[in-house]
Structure formats: C-alpha cells, structure tokens
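# Examining the three-dimensional arrangement
Chain by chain, the residues:
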Amino acid sequence: MNMTKREKTLVFFVLILAVVGAYYLLFLKPYLEDMSDILVEKANKEILVTTNDQQEQKVKLLEDDIAALETELADYSGGISQGFDHPPVLVYLEETVNEYAQKVMFYFDDVSEFGQMEVCPVTVTMSGTYEGMKSILEAFSDSEYFIKVTSLSAVCSSTIQAAQTDEVYDPSQTEEPAPEIPVASDTLDITLTLEFYSMAGDIPEDKTYEFDDVSFQYGGDIFY
C-alpha cells in the first residue's frame, strides 16, 4: 500500500516520539531519579557532616572544661592534707581560738568518709566578744586547713563588774569605804560546729610537726 507524503510525515513524527519516549522511560527518567536520590543523599551527608563538626567542637569544649576542672581540682586538693591528723589540728585550734576567746573547750567527733575525703566534726565552746568571734571566723577562712562552719550559736551573758562612783569621797567625813557601782559587761557564750576535711588515706609516715619540741615525732590519732 502506498502512503501519501502526509502519512509518511506523520509516521516519521510518531517514530520520533516513540524513540524519545522510550529514551525518557528507559534512560533519562532512571538517570534523573538517581540524580535526585544522589542530591538528597548529598544533602543528608552535608547535614550529618555539619552536625558531626558541631558535636566535635562541643566535645572539644567539654574536654577542655574537664581538663580545666581536673587541673583546678588537683590544685585545690593539693593543698589538703592526706589523712585526718588530730595533733596539728588541736594545736591549730588552741593557738587560733585562744587568741580571741576564753574558757575554750574542744570536742572531736568520729572521723567519717565523705566520697574521696575524710571529715571530722569538731565542736568548739568558748566565751568571747562579737569582734573576737569575727576574728576567729576570718582566721578559719585563711587557714591552711579545709574548714567548714556548719553551725554557730552565740548567747549574750552579762557579768557584773565594780566601778568607782564619780562622787567625791572625803574619808574625814565617814569611815565607810568608797561606794562601788555595779556595771554590766556583756560577753558571748559561743558554740561553733566545724568540719575539718582531708583527703582519704593514711598519714605519711615521714610527716613532722613544728610544734614538737622533743626528740620523737607525734603522729596519727591521739584520741584513740
């Protein structure tokens, strides 16, 4: 059968469309889908890389913070003695508290563990003034020991002292002694509860004490 020129042209265009459609369906469309998947995967990878970089920066900052805290802790704990040693603590309290107070008594409780540290509660009773109490607390804050004040109570107790009157006394007028006027002088009955902290462990065997004037050294717990 003979086809007209017009029919041949239509068949030609149909063949071209079929080839283009087949190319699109068999080659171009899968390629475009693969490209889309690759672009999505690339975007996800970039997000993952960015997230990992941020996490690495955070981890580095945390590591730096941990290193700084460990250094600070080492410096801080380096000044704390190892093992609670009663004799030097008792001498320290005697020298510090008795400088600002009277009628001083100390009561040492049992040593207990507190994490990697040891703590010994100490109760101090004394009589003194408000300024003296402030001086004692300031001395504790500047102490070489790690001291925590857990409680403080102060009760005012009045004492009576004798004072001469300002009136002129003429012994020729009477045989009675010059009159005395009682004067109130306020003091404080103070009770301090302290906690002395030290690193857990045995007291070094070669430890010496400045307050020891005899040929042998004291050491350990003198209360047991």
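What comes next concerns the included structure.

About the criteria used
- Residues numbered from 1 in each chain as written.
- Predicted model: local features only at pLDDT ≥ 70, side-chain atom pairs only at ≥ 80, totals over all residues.
- Heavy atoms only, no water.
- Helix = DSSP H or I, 4+ residues; strand = E, 2+ residues; numbered from the N terminus.
- Polar contact = N/O pair within 3.5 Å; in protein donor to acceptor, adjacent residues only side chain to side chain.
- Buried < 20%, exposed > 50% of the residue type's maximum accessible area, 1.4 Å probe, protein only.
- Contact = heavy atoms within 4.5 Å.
- Expected span 1.5 Å × (residues − 1).
- Phe/Tyr/Trp six-rings, centres within 6.5 Å; stacked < 30°, edge-to-face > 60°.

It is worth spelling out the environment of Ser 198 at this point. Within the element layout of this structure, Ser 198 appears in strand β5 (residues 180–199). Residues Ser 198 and Phe 146, spaced 52 residues apart in sequence, show a C-alpha to C-alpha distance of 7.2 Å. From its side chain, Ser 198 meets the backbone nitrogen of Phe 84 in a polar contact 3.3 Å long.

Another aspect to go through is the environment of Val 149. Structurally, Val 149 is set in strand β4 (residues 146–164). Take Val 149: its relative accessible area is 37%, and that puts it in the partly exposed class. Sequence-wise, Val 149 and Glu 195 are 46 residues apart; in three dimensions their C-alpha atoms are separated by 6.5 Å. Not counting residues up to four positions away in its chain, the partners in contact with Val 149 are Leu 137, Leu 192, Thr 193 and Leu 194.

For the rest of this paragraph, the subject is helix α2 (residues 86–97). Taking 1.5 Å of rise per residue, 12 residues should cover 16 Å, and α2 covers 16 Å from first to last C-alpha, within 8% of that figure. Listed as buried for α2 are His 86, Pro 87, Pro 88, Val 89, Tyr 92, Leu 93, Thr 96 and Val 97.

For the coordinates displayed, the defined rule picks out seven aromatic pairs. Ring plane angle 40° and centroid distance 6.3 Å describe the contact between Tyr 92 and Phe 140, whose orientation is recorded as tilted. With Tyr 92 in helix α2 and Phe 140 in helix α3 (residues 130–141), this pair connects stretches of sequence that are 48 residues apart. Assessed through its relative accessible area of 5%, Phe 140 is described here as buried. Taken together through their ring pairs, the aromatic side chains of Phe 84, Tyr 92, Phe 140, Tyr 145 and Phe 196 make up a single cluster.

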